[in-house]
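# Topology and contacts: notes
Chain by chain, the residues run as shown.
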Amino acid sequence: MTSTVNPSTADPTTANTSPANASPANAEARPDPHAPAAGDLAQLLSPDGERGAHPLLDDWAGDIDDTRLAGLYRDMLLVRRIDAAGVALQRQGQLGLWAPAEGQEAVQIGITRACHDDDFFFTSYRELGVLVARGARPADLVLGWRGEVFGTFDPYDLHVATPQIIIGAQTLHAVGYAMGVQRDGGDQVAVACFGDGATSQGDVSEAMVFAASFGAPVVFVCSNNQWAISEPVGLQSHLPLAGRAPGFGIPSVRVDGNDVIACTAAMRWALDHARSGRGPAYIEAVTYRLGPHTTSDDPTRYRSADEVALWRTRDPLLRVAGVLRERGLLEAAEAEAEQAAAEFTAGMRRAALEATTRPPLAVLDDVYAEPHTGIDRQREQFSAYLEGFADDEEGTR
Ligand SMILES: Cc1ncc(C[n+]2csc(CCOP(=O)(O)OP(=O)(O)O)c2C)c(N)n1
Ligand SMILES: [Mg+2]
């Protein structure tokens, strides 16, 4: 299943219209192929809450009734609350950094809920929903972003590898794992989650070559959130990203990443393809990063308020909430999610306050067993940097 682009349906209000998006290659004349309406974007629940049909995905969504939809909504709302708590903790000085997932809950929850428990995820730093749906504990989310030693979870507990900061590298890890499954036997699938920006990394292309050559049971999930920090997706790909996979011999589907039903269905299709020995599959989930790239970023410098406002109307939670309200199921789903969120976020605050933090310089202690001039130099520079805060009041850092 390849993607085609119909320029007449391009949405002029998305990424390619802001000055920061000017591409060296004739950007003004090019329609925006990444706009949600362009091409064959698979959708089963429209922003107005209308249930739609799709030739590939219908077969995989039949059982998603109102009760299941309420469950998906509860998961998404929980993730949104946890995300907000992460941002707040960072703003309070408890975390070094946080990479917000706001706006991307549908793809993260949809793909995780479609998996078997032992399918193994290889994610970037933004897949908060995958971690939450896999049962991560509050401390798992807090200690890593605090930079604590032993700050991560046991990957074999959650069947999620340690989140990858090196853009795209996890796709290679996923394919390696999938090739291991082929050799060990079993029906596990590896899932590689990455962003639109990652598709420009050689690692991702190499991963797709290996996956296709060996017919490895891996699903590639590209969350196209329109931005790679300040670079719009249109700058690095002039056509929809789902269209790349068939060039590697990998079937793909381009799905509305803010439609949790379509994301679940697309993932079920892709998992079935991989699990049944037909090799890798690829999903491009078209979504949007509503917040900053991380808490260190100021997106007002490179994208317009209008663009963000437009995407707020496509909020993945809103469209499901509308359906649930009509069916009289919203209140219960919200109450359940809020209760779970209150407990989880209290746990996050506790984990931050109870963390035993080593002196910052200790981070360099165990890098090498022997003295090392490079580390000595870094220690000197870092000391000087820390001394810059000497006048700060006790306890403000
Ligand atoms: C190999 C590598 N190059 C550059 C970076 C710096 N970097 C961090 S995030 C990022 C953008 C990634 O964008 P995308 O893949 O779209 O993921 P998103 O952050 O939007 O989820 C870059 C370039 C990095 N971490 N690793
Ligand atoms: Mg991105």
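Quantities reported herein were computed from a predicted structural model and do not represent experimental measurements.

What counts, and at which threshold
Residues numbered from 1 in each chain as written. Chains lettered and ligands numbered in written order. Predicted model: local features only at pLDDT ≥ 70, side-chain atom pairs only at ≥ 80, totals over all residues. Helix = DSSP H or I, 4+ residues; strand = E, 2+ residues; numbered from the N terminus. Buried ≥ 20, exposed ≤ 12 C-beta atoms within 10 Å, placed from the backbone. Contact = placed C-beta atoms within 7 Å. Axes fitted to C-alpha atoms, helices over the stretch in contact; angles between N-to-C directions. Parallel < 35°, antiparallel > 145°, perpendicular 65-115°, else oblique. Left-handed = near helix turned anticlockwise from the far one by under 90°.

### Considering the overall build of the protein
A count of helical and extended segments in the protein gives 13 helices and seven strands. Burial statistics for the protein: of 397 residues in total, 44% are counted as buried. Considering only contacts within the protein whose residues lie at least 6 apart along the sequence, 77% involve residues at least 24 apart.

### What to know about unusual backbone geometry
Positive phi values are uncommon outside glycine, yet His159 reaches one of about 55 degrees. Secondary-structure assignment places His159 in the loop between α5 (155–158) and α6 (169–184). Positioned with a positive phi, Ile229 is a non-glycine residue whose angle comes to about 50 degrees. Inspection of the secondary structure puts Ile229 in the loop between β4 (227–228) and β5 (231–232).

### A few points about the environment of Ala84
With respect to the element layout, Ala84 can be found in helix α1 (residues 66–91). Of the residues examined, Ala84 has 16 C-beta atoms within 10 Å and is grouped as partly exposed. Taking the C-alpha atoms as reference, Ala84 lies 7.9 Å from Pro100; in sequence the two are 16 residues apart.

### So, the packing of helix α2 (residues 105–113) against helix α9 (residues 260–275)
It is at 8 Å that the axes of α2 and α9 come closest, and there the two elements cross at 40 degrees. Regarding the angle of α2 to α9, the classification is oblique. Both α2 and α9 take part in a crossing whose hand is right-handed. Contact residues: Ala106, Val107, Ile109, Gly110, Ile111 and Arg113 in α2; Val260, Cys263, Thr264 and Met267 in α9.

Nothing here speaks to function; it is geometry throughout.
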